[in-house]
Amino acid sequence: MSEFREIQSLIKEIHWGRLLGLWAACLYVLPPDVATFAMLLSLAAASDIRDRIVPNTVCLSIAGLGCIHMILSGGFQWTMINVLAVLILLLLIKAFFKDGIGMGDIKLLLASSFLLNVFSIAVGMLLGCVLAAVIGSLRFRSLKESMPLVPFLAVGLTVVYFF
């Protein structure tokens, strides 16, 4: 029930006309899976900026998009191996950098592993973290302040998904 309230509060603040217009414009230029992935990442980024929460429904939608892609491409075994490898990578990162990455970031990256391979997830994380470090050094004066990571991961994952 609390998940529904999270999504409901997110829905109240989003200008759906603008978002759907942007998605339609993206569909004109991009394939539907890329446009949908980018839209779901932007929803996760907006929620992380506003509430510091990545909704489970957004992560499940990304994983569902990956499952549809997996069914259409027929790569079930490789996708499951990829998801397991990304899970191990993320758990190792969480173990070594306890406060560096949150569980919402891990959920989003794990859901994205249904669409992207391990190398792409690692490069997307690297791009996102470098962008976060640059923006963080310009914006935040204290190292004690935290900032949401999902918007930067969304940029990194979207760039990697294009290539």
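Anyway, here's the lowdown on the structure attached to this text. Nothing here was measured: the structure is a model prediction, and the numbers come from that model. (Residues numbered from 1 in each chain as written. Predicted model: local features only at pLDDT ≥ 70, side-chain atom pairs only at ≥ 80, totals over all residues. Heavy atoms only, no water.)

## Focus on the overall build of the protein
Using the following cut-off: Put simply, DSSP H or I for four residues or longer makes a helix, DSSP E for two residues or longer makes a strand, and each gets a number counted from the N terminus. When accessible area is computed with a 1.4 Å probe and restricted to protein chains, residues below 20% of their type maximum are described as buried, those above 50% as exposed, and intermediate ones as partly exposed. Only heavy atoms enter the contact rule, under which two residues are in contact if any of them lie within 4.5 Å. Methods summary: accessible areas were calculated by the Shrake-Rupley approach with a probe of 1.4 Å, and residue burial reflects only the protein chains presented.
Within the protein, the secondary structure is distributed over eight helices and zero strands. Moving toward the C terminus, one meets the helices and strands of the protein in the order α-α-α-α-α-α-α-α. Of all 163 residues assigned to the protein, the portion counted as buried reaches 40%. Sequence separation of at least 24 residues holds for 71% of the intrachain contacts in the protein that already meet a minimum separation of 6. Here the protein displays about 9,900 Å² of accessible surface, and carbon together with sulfur accounts for 71% of that area.

## Side note on helix 5 (residues 76-96)
What counts, and what does not: For a helix, the expected span equals 1.5 Å multiplied by the residue count minus one. What the arc measures is the spread of directions leading from the helix axis to the C-beta atoms.
The first and last C-alpha atoms of helix 5 sit 31 Å apart over 21 residues, in line with the 30 Å expected at 1.5 Å per residue. Those residues of helix 5 lying buried are Thr79, Asn82, Val83, Val86, Leu90 and Ile93. Seen from one end, helix 5 has its buried residues packed into an arc of 100 degrees, which puts them on one side. Of the exposed residues in helix 5, the ones pointing more than 90 degrees away from its buried face are Gln77 and Phe96. If you follow the buried residues of helix 5, they end up packed against helix 4 (56-73), helix 6 (103-112) and helix 7 (118-139).

## As for the nonpolar core
Worth spelling out the cut-off: Here, nonpolar core refers to any group of buried Ala, Val, Leu, Ile, Met, Phe, Trp, Tyr and Cys residues whose side-chain atoms link them within 4.5 Å.
Membership of the largest hydrophobic core comes to 36 residues, with the highest contact counts inside it found for Phe37, Ile62 and Leu109. Element by element, the count of residues in this core is highest for helix 3 (residues 32-51), at seven residues. Contact partners of leucine 109, with chain neighbours within four places excluded, come to Val86, Leu90, Ile101, Ile121, Met125, Leu153 and Leu157.

## Considering the side chain of aspartate 48
To be explicit about the condition: By the counting rule applied here, Lys and Arg register as positive and Asp and Glu as negative, while His and the ends of each chain are not counted. Throughout this description, the term salt bridge denotes a Lys or Arg side-chain nitrogen within 4 Å of a carboxyl oxygen of Asp or Glu. Whenever a nitrogen or oxygen atom comes within 3.5 Å of another N or O atom, the pair is scored as a polar contact, on the condition that within protein one atom can donate a hydrogen and the other can accept it, and that pairs from neighbouring residues in sequence are kept only if both atoms are in side chains.
For aspartate 48, the position within the fold is in helix 3. Of the buried charged residues, aspartate 48 lacks a salt bridge, with arginine 52 as the closest side chain of opposite charge at 5.4 Å. Within the local environment of aspartate 48, its side chain forms a polar contact with the backbone nitrogen of leucine 149, the two atoms lying 3.4 Å apart. Side-chain polar atoms of aspartate 48 contact the backbone nitrogen of valine 150, separated by 3.1 Å.

## Topic: the environment of aspartate 105
Within the fold, aspartate 105 resides in helix 6. Discounting residues that sit within four places of it in the chain, aspartate 105 has contacts with Asp48, Leu149, Val150 and Leu153.

Interpretation note: all reported values are geometric properties and have no functional meaning in isolation.
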